[in-house]
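What follows is the residue order along each chain.
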Amino acid sequence: MPNLPRTLALVGALLLAGCATAPKASLYQQFGGRPGIEALVEELLVRILEDERINRGFAEVDILNLNDRLVEQICVEVGGPCTYTGRSMAESHAGLALGEADFNALVEDLVDAMDARGIPRTAQNRLLQRLARMHGDIVSP
C-alpha cells in the first residue's frame, strides 16, 4: 500500500480544488443586480442626451418613464427578477422613422456606458445578443 498516502493526497487536493472554485456569477450579477442596472441606465441616458446624432429624437420623451422602462427591460434581458411593464418595441418606435444610423448610435452609447460601468465584455455581448432581436421592431424598413 505504498500508493495509499499519495492517492489520499490527490483526492484531498481535488476536493479542495472543487471547493475553491466559485460558482459562475449570473448575467444579472455581472451587471451588478438592480443597483448596477440602474446606474448603467443613468449612464446610458446621459450619453444619449449628449449624443448629437440621436438626442433630438429624445427631446419630447418622458425621460423618467424611459429610465424606469429601460431598467425593467435590461433587468429582464439579463435574467433578473423584474417584469417589463412598457409597450412593445414595435409600439414604442412606430412612426419614428428610425434608421440603421440611429440604432447603431444608441448601441454605441450603450457599449460605452457598459464599458464605463466596468461590465465584462462577455456579459455585454450576451445582453447585446438579446437586444439585437428587437432590431426589426425599432428600425424602419
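Look above for the structure.
Residues numbered from 1 in each chain as written. Predicted model: local features only at pLDDT ≥ 70, side-chain atom pairs only at ≥ 80, totals over all residues. Heavy atoms only, no water.

With that out of the way, let us pick up the side chain of Glu77. Mapped onto the fold, Glu77 is located in helix α4 (residues 63-77). The contacts of Glu77, once residues within four sequence positions are left out, are Leu27, Leu127, Arg130, Leu131, Arg133 and Met134. (Helix = DSSP H or I, 4+ residues; strand = E, 2+ residues; numbered from the N terminus. Contact = heavy atoms within 4.5 Å.)

On to the nonpolar core, then. Of all hydrophobic cores here, the largest spans 32 residues; its most connected members are Phe31, Ile37, Leu40, Val78 and Met114. Not counting the four nearest positions on each side in its chain, Val78 is found in contact with Leu27, Tyr28, Phe31, Ile37 and Leu127. (Core = buried A, V, L, I, M, F, W, Y, C linked by side-chain atoms within 4.5 Å. Buried < 20%, exposed > 50% of the residue type's maximum accessible area, 1.4 Å probe, protein only.)

Summed over all chains, the structure comprises one disulfide. The residue that forms a disulfide with Cys75 is Cys82, at a sulfur-sulfur distance of 1.8 Å. Its torsion about the S-S bond being 65°, the disulfide of Cys75 and Cys82 is classed as right-handed. With respect to burial, Cys75 and Cys82 carry one shared label: buried. (Disulfide = S-S within 2.5 Å.)

A word on the environment of Arg126. Within the secondary structure, Arg126 sits in helix α7 (residues 121-132). Non-local contacts of Arg126, meaning those with residues more than four positions away in its chain, are made with Leu27 and Gln30.

Turning our eyes to something else, we now look at the pattern of salt bridges. All told, the structure shown has nine salt bridges when counted by the stated rule. The partner of Asp102 in a salt bridge is Arg56, and the shortest N-O contact between them spans 3.7 Å. Taken as a pair, Asp102 in helix α6 (residues 100-116) and Arg56 in the loop between α3 (33-50) and α4 lie far apart in primary sequence, 46 residues in all. Judged by its relative accessible area of 58%, Arg56 is exposed. Between Arg69 and Glu72 there is a salt bridge, with its nearest N and O atoms 2.9 Å apart. Taken together, the residues span about one helical turn, with Arg69 and Glu72 both in helix α4 at a distance of three residues. Glu72 carries the same exposure label as Arg69, and that label is buried. (Salt bridge = Lys/Arg side-chain N within 4 Å of Asp/Glu carboxyl O.)

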